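Next come the chains, spelled out residue by residue.
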Amino acid sequence: MVTTEAEARAAQPILQLRAIEKVFDQFAAVDRITLDIQEGEFFTIVGPSGSGKTTMVRMLVGMDKPTRGDILLRGQRINDVPANKRPTCMVFQSLALFPHRTVGQNIEFPLKIRGVDPAARKKRALELLAQLRLPDHYYGKAVTQCSGGERQRVALARALAFDPEILFFDEPLSALDYKLRKVLEKELKDIHRQTGKTFVYITHSLEEAMVMSDRIGVMNRGRFVQVGTPNEIYGSPTTRFVSEFMGEVNILDVTVGPDGTATDDVTGARYLVPPSAGAGPCSLVIRPESLRFVDGPSQAHNVVTGTVYNEYLLGSRVQYQIRVGEKQVLLLENLRDQRYEGDLDSPVTVGWDTGDSMIFPKGPLQ
Amino acid sequence: MAQATGIVTITAATTARAAPEPSGWRAWLRQAGVLTALPMALLMLAGFVAPLLLVVAFAFMPPQSFSILQPPTLANFQEIFANSFYRSFLASLYLAAATTLICMVVCYPVAYAMVRVFGRVAGVLALLITAPLFVADNLRLVGWMLFLVKGGVLSGALQAWFGIATDSMLYTVSATLFGLVYTYLPFMLFPMIMGIAMVPLEMREAAFDLGATRWQVLKEVDIPLAMPGILIGALMTFILAAGALSEPRILGGSSVVMIAQDIQNEFTFAQNWPKGSALSVLMILVAGVLAVTLLRRIDLDGIFGRR
Amino acid sequence: MNEIGRPARWLYGMLIALVLLFVYLPMMTLVMASFSRSKFFKFPIPQFATNWYADVFASLSIRSFFWTSLVIALLVATIATVLAFFGALAFARYRWAGRKLYQKVLLLPILFPQAVLGLALLLWFSAIGVTPSWQAAVFAHLVWIAPITTLVIAIQVYSFDPAMEEAAVDLGATRWQTLKEVTLPILTPGIVSGFLSAFLLSWANFPLSMFSTGADQTIPEWISAKIQSGYTPQVPAVGTLTMLAAVIVMALGGFAAWLHARRRAGLA
């Protein structure tokens, strides 16, 4: 739904990147990226460490200047506008709350800088405390006395205080424990809805990106490997890199013959695969949840026999390690109520359907 | 083997637990921290606390006495204030305050540049600034004397190369102040460098991103967060400069008498220990009050440990 | 905002260069003066010579002051390092009731004018019947230098993860073995720099020596006496030699640090 709204406004993107590049000592940390971000969108940049995502956001905020290329805000080139003159704001990974200021003073900081009078400042700070569900008396509390989640909210309130047009987030949740992170992910998405502002979020966790984003851009080696809605990224990754990024997957080295079937490079087995761009060496990717235990070849497009080596309980799901021959290991994931009943080390047949597998030619861009 | 070691550890732990727990101050004394602190603590007691207490005791003894077993009196303090001996004390405070102010203004941009602009070579720069502390300060002041004296490097060069005749630049109050600034500059610079290095880069960036100008970043973030370092530097410079001995003597001639010179005279030539002690007490009071006020507000773990 | 403009960089560079010049100018003047032939210093120097060095090397008294300074500095450095090693553990490593107070008390001698401290010690020595001598000077130096050495080593201790000691104990090491096999080797760089700075600070100390050595004399005391009784170019010559000695000690320290870094990196 949010996507359609964003599409409706696609005529005028709020932020446009035109072939921006950042070079450090001849190494392109961000390599000619072109991207449009729509007004009101929650856009997440996902990538492993060193993929260039932090470099990129630093340029968008105005902390660094691109070596080449242009950044446009509502059609205006802003390359040379420093961070303190841009109507955008960032929530830092460390949050960068000022330890010598109280919660209230932190939130009021951007307003004080802009010469807003104390009464109006305080009013706005209290408003933001309420919006972020922090009690009023936190106004005078020392930031050093706040818990992780509270600090997170204070940082967000401070960023929202001067009503910036775009909010950037540089992995602000990465230092928190799993449970709190899950709560705050949802809270952040709610705040996004409440404020209707454009959010640009950076994370190394595709899982986190999935929860919150309207669109996701997966970055690797300074470039976007794929940009799309969470559904597209999960359902139809365009490269092996993206397919691997979501979590554990089975990757088989195969060779696709002229007849369109694939031969396993390790076991020599033949598989039916989805139609791919070319023949030759490819990676066949199957998610663990696409694999299932079967009784015989008739129950799935492709079957393999092996032995169950171990079982791992993952809460609502359960995972199995299947050994095929000497060298191949496959992961199979089931719901907990579909647990495997047999003994460890006993022979099993597992299978998957062609439509549940993905095939990517091997090449330099994986 | 690994198993055997494990058993040994367990046995040791059990025995330790089985031993009767000592109580009160004996338990406190057995802590690793107390044990390791003990030698230094004893040195401080015997070499710093005791001598200063003795000085305080002597300050209340009758003039010219050499024992602390006489009835206490305020005679020494009365004499100091009656015969304007306090002038050297005031001069010391004035010169120390001026030194601190000058060093602060000079050192902040230098420390900032060393940490933020030339951070890559900060180690080398810091070493270059420390190295002079390993040369006796009176020797370095002799160097300045040769530089500034009439016919010395400065006036000689001006005369020979530019034909400008200058008088001696020594033996004035300004020369003393110059010497103080020179000697105590590193004592201001170092803590300042530590203080500025303590300010996380992200704090400055966040302030900047929230709309602060460079000046506002300096005022709102840089200086308040570097304050522990700045305060320690200021305190050290002030106290050390107030107790300076060589600077007024070598560069100042007899243009100004500072308190350390007066104390020395009483203790040595005049052999009036109680009066020397009373003058020292003034110094101890200033140093003590400043040091205690400041150290109460500062977390040393944060400064030395970067935590 | 981290990208500092070229003109600003240049300006800051000039500022640092100026401060360094200010700091080193008197020392350069001394070195120059030591090579002047005439008895009275005059600039530009009419004639260069090394006659004052010959005088210095021939002087038996200067030689004995040199030895006194050296013995004091070596003893101070050794004792200060041992005290400071434990003192630094108490300062930075262990958590104990009284630590905050201990940390602050340790700073007080550093935050106290040395001349006044020297005079207080003079009084103290005579009160407890100690005759001022070079041994008394060692004690006086320690009061000021051992706390500094403690801070130098403490900085290293802060970056030391206590879990490493716990791991050693867990692997079966006794307290003493842990100290010898884990704590000491990891703290070595701090200990070495603590020792060197203690040596150099004692070597260069004047105010404390002045009131504690009594009949014995150190090089800085000799310099002070010469200034009082009238300038002789032996002063810059001796000064240049003491500076040279300090440079050699620092270079040795630098070399040790370089070797240590190489060994850590697995190159040696």
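Undergrad: How would you sum up the overall build of chain C? Please name residues and give values.
TA: Along its length, chain C carries 11 helices and zero strands. Along the chain direction, N to C, the helices and strands of chain C fall in the order α-α-α-α-α-α-α-α-α-α-α. Its C-alpha atoms give chain C principal-axis dimensions of roughly 70 × 65 × 40 Å. Per-residue burial for chain C yields a buried fraction of 51% across its 268 residues. A distance of 9 Å separates the average location of the 17 positive side-chain charges in chain C from that of its 9 negative side-chain charges.

Undergrad: For empty space enclosed by the protein, give the residues involved together with the corresponding values.
TA: Under the definition given, this model contains four cavities of 30 Å³ or more. Taken as a whole, the largest cavity encloses approximately 110 Å³ of empty space. A:Q152, A:R153, A:L156, A:L184 and A:L188 are the residues nearest the centre of the largest cavity, which is lined by 13 residues in total. Those elements giving two or more residues to the lining of the largest cavity turn out to be α5 (148-160) and α6 (178-195) of chain A. Class assignment of the residues belonging to the lining of the largest cavity gives a composition of 10 nonpolar, one polar and two charged. Estimated volume of the second largest cavity: approximately 70 Å³. What lines the second largest cavity is simply B:N138, B:L245, B:S246, B:R249, B:I250, C:F206, C:S224, C:I227 and C:Q228. In the lining of the second largest cavity, the residues fall into four nonpolar, four polar and one charged.

Undergrad: Hey, could you go over the domain arrangement of chain A for me, with residue numbers and the actual values?
TA: All names here are of chain A. The domain boundaries assigned to chain A delineate domain 1 (2-243) and domain 2 (248-361). Between domain 1 and domain 2, the C-alpha centre-to-centre distance is 39 Å. Counting residues at the interface gives six residues for domain 1 and eight residues for domain 2. For the pair domain 1 and domain 2, the summed buried surface comes to about 630 Å²; carbon and sulfur atoms form 54% of the total. For the domain 1 face of the interface with domain 2, the top three residues by lost area are Y234, R240 and S243, together amounting to 80%. Our count for the domain 1 to domain 2 interface comes out at zero salt bridges. Our enumeration of links across domain 1 and domain 2 arrives at three residue pairs in polar contact (both at pLDDT 80 or more).

Undergrad: Go over the packing of aromatic side chains with me, naming the residues and quoting the values.
TA: Two descriptors summarise a pair of aromatic rings, namely the distance from one centre to the other and the angle between the planes of the rings. Across all of its chains, the model carries 32 aromatic pairs over all chains by this definition. The structure contains a cluster of three or more aromatic residues connected by ring pairs, namely B:W144, B:F147, B:F178, B:Y182 and C:F22. The ring of A:F162 has A:R114 sitting right over it, with the charged end atom 3.9 Å from the ring centre. It is A:R158 that lies over the ring of A:F98; its NZ or CZ is 4.7 Å from the centre.

Undergrad: Give me the interface of chain C and chain B: which residues, what numbers.
TA: The interface is formed by 92 residues belonging to chain C together with 94 residues belonging to chain B. In this assembly, chain C packs against chain B so that about 8,400 Å² is buried in total across both faces, 80% of it on carbon and sulfur atoms. Tallying contributions element by element places helix α1 (residues 6-34) of chain C first for the side of chain C that touches chain B, with 17 residues. The class makeup of the residues in the side of chain C that touches chain B is 71 nonpolar, 13 polar and eight charged.

Undergrad: An account of the nonpolar core is needed here, citing residue identities and associated values.
TA: A:L15, A:L17, A:I33, A:M56, A:I107, A:L156 and A:F168 are the most contacted members of the largest nonpolar core, which has 144 residues in total. When residues in this core are grouped by element, the largest group, 10 residues, is from helix α5 (residues 86-117) of chain B. Residues within four places of A:I33 in sequence aside, it is in contact with A:L17, A:R18, A:A19, A:I20, A:M56, A:M219, A:G222, A:R223 and A:F224. Within the second largest apolar cluster, 119 residues are counted, among which are B:F77, B:L240, C:V138 and C:Y158.

Undergrad: Account for the layout of surface pockets, naming residues and giving values.
TA: Looking at the second largest pocket, its volume works out to about 650 Å³. What lines the second largest pocket is a set of 27 residues, among which A:P99, B:M198, B:P224, B:L225 and B:P228 lie closest to the centre. Here the residues of the lining of the second largest pocket are counted per class, giving 16 nonpolar, four polar and seven charged.

Undergrad: So what's going on with the sheet that holds strand β12 (residues 261-264) of chain A? Which residues, and what values?
TA: Residue and element names in this part refer to chain A. With antiparallel pairing, the five strands of this open sheet are ordered in space as β13-β12-β11-β14-β20. If you trace the sheet from one side to the other, it starts and ends with β13 (270-272) and β20 (357-361), each paired once. Geometrically, the sheet is characterised by an average inter-axis angle of 40° between neighbouring strands, direction not taken into account. Judged from the seven bridges that link them, strand β11 (residues 250-256) and strand β14 (residues 280-286) form a sheet pairing that is antiparallel. Bridging from a neighbouring strand, L252 pairs with L284 of β14.

Undergrad: Let's hear about the sheet that holds strand β1 (residues 15-24) of chain A: which residues, and what values?
TA: Residues and elements named next belong to chain A. The strand order across the open sheet built from four strands is β2-β1-β4-β5, with neighbouring strands paired in antiparallel fashion. Edge positions in the sheet fall to β2 (27-37) and β5 (76-77), since each has one partner strand and no second. Where β1 and β2 come together, seven bridges link them in antiparallel fashion. Pairing of F24 across the sheet is with F27, part of β2. Sitting on the sheet, helix α2 (residues 53-61) touches β1, β2 and β4 (68-73), and the angle it makes with β1 is about 120°.

Undergrad: Go over the side chain of B:K275, please, and point to the residues and values.
TA: Residues and elements named next belong to chain B. Note that K275 resides in helix α14 (residues 273-297). Side chain to side chain, K275 and E79 meet in a polar contact 3.3 Å long. When residues no more than four places from it in sequence are discounted, the contact partners of K275 are N76, E79, I80, F85 and E266.

Undergrad: With reference to specific residues and values, describe the packing of helix α3 (residues 60-93) of chain C against helix α10 (residues 219-229) of chain C.
TA: Axes are the key here: two packed helices are described by the angle between their axes and the distance separating the axes. All names here are of chain C. Two numbers describe how α3 lies on α10: the axes approach to 8 Å, and their chain directions differ by 135°. Considered as vectors, α3 and α10 are oriented oblique to each other. Here I62, F65, F66 and S69 of α3 come into contact with α10, specifically with I219, P220 and W222. Looking at the contact of α3 with α10 residue by residue, the classes come out as six nonpolar, one polar and no charged.

Undergrad: Could you give an account of the pairing of strand β8 (residues 198-203) of chain A, naming the residues involved and the relevant values?
TA: All names here are of chain A. Of all the six residues making up β8, six are buried; the element is thus mostly covered by neighbouring parts of the structure. Of the two faces of β8, the one lined by T198, V200 and I202 and the one lined by F199, Y201 and T203 are each fully buried. Relative to β8, strand β3 (residues 42-46) runs parallel, the two sharing five bridges. Of the residues in β8, the one forming a bridge with F42 is F199. As judged from the five bridges shared by strand β7 (residues 166-170) and β8, these two strands associate in the parallel manner. Bridging across to β8, L167 finds its partner in F199. In this fold, the crossover linking β7 to β8 by way of α6 has right-handed handedness.

Definitions and cut-offs
- Residues numbered from 1 in each chain as written.
- Chains lettered and ligands numbered in written order.
- Predicted model: local features only at pLDDT ≥ 70, side-chain atom pairs only at ≥ 80, totals over all residues.
- Heavy atoms only, no water.
- Helix = DSSP H or I, 4+ residues; strand = E, 2+ residues; numbered from the N terminus.
- Buried < 20%, exposed > 50% of the residue type's maximum accessible area, 1.4 Å probe, protein only.
- Lys, Arg positive; Asp, Glu negative; His and termini not counted.
- Charge placed at Lys NZ, Arg CZ, Asp CG, Glu CD.
- 1 Å grid on protein atoms, 1.4 Å probe; cavity = no way out; pocket = protein on both sides within 12 Å on 5 of 7 lines; lining within 4 Å.
- Points joined across faces, edges and corners; volume = space filled by probe spheres on them.
- Nonpolar A, V, L, I, M, F, W, Y, C, P; charged D, E, K, R; others polar.
- Domains from an automatic or database assignment.
- Contact = heavy atoms within 4.5 Å.
- Buried area = accessible area lost by both parts, 1.4 Å probe.
- Salt bridge = Lys/Arg side-chain N within 4 Å of Asp/Glu carboxyl O.
- Polar contact = N/O pair within 3.5 Å; in protein donor to acceptor, adjacent residues only side chain to side chain.
- Phe/Tyr/Trp six-rings, centres within 6.5 Å; stacked < 30°, edge-to-face > 60°.
- Lys NZ or Arg CZ within 6 Å of the ring centre and 35° of its normal.
- Core = buried A, V, L, I, M, F, W, Y, C linked by side-chain atoms within 4.5 Å.
- Pairing = 2+ DSSP bridges.
- Axes fitted to C-alpha atoms, helices over the stretch in contact; angles between N-to-C directions.
- Parallel < 35°, antiparallel > 145°, perpendicular 65-115°, else oblique.
- Right-handed = clockwise from strand over helix to strand, strands pointing away.

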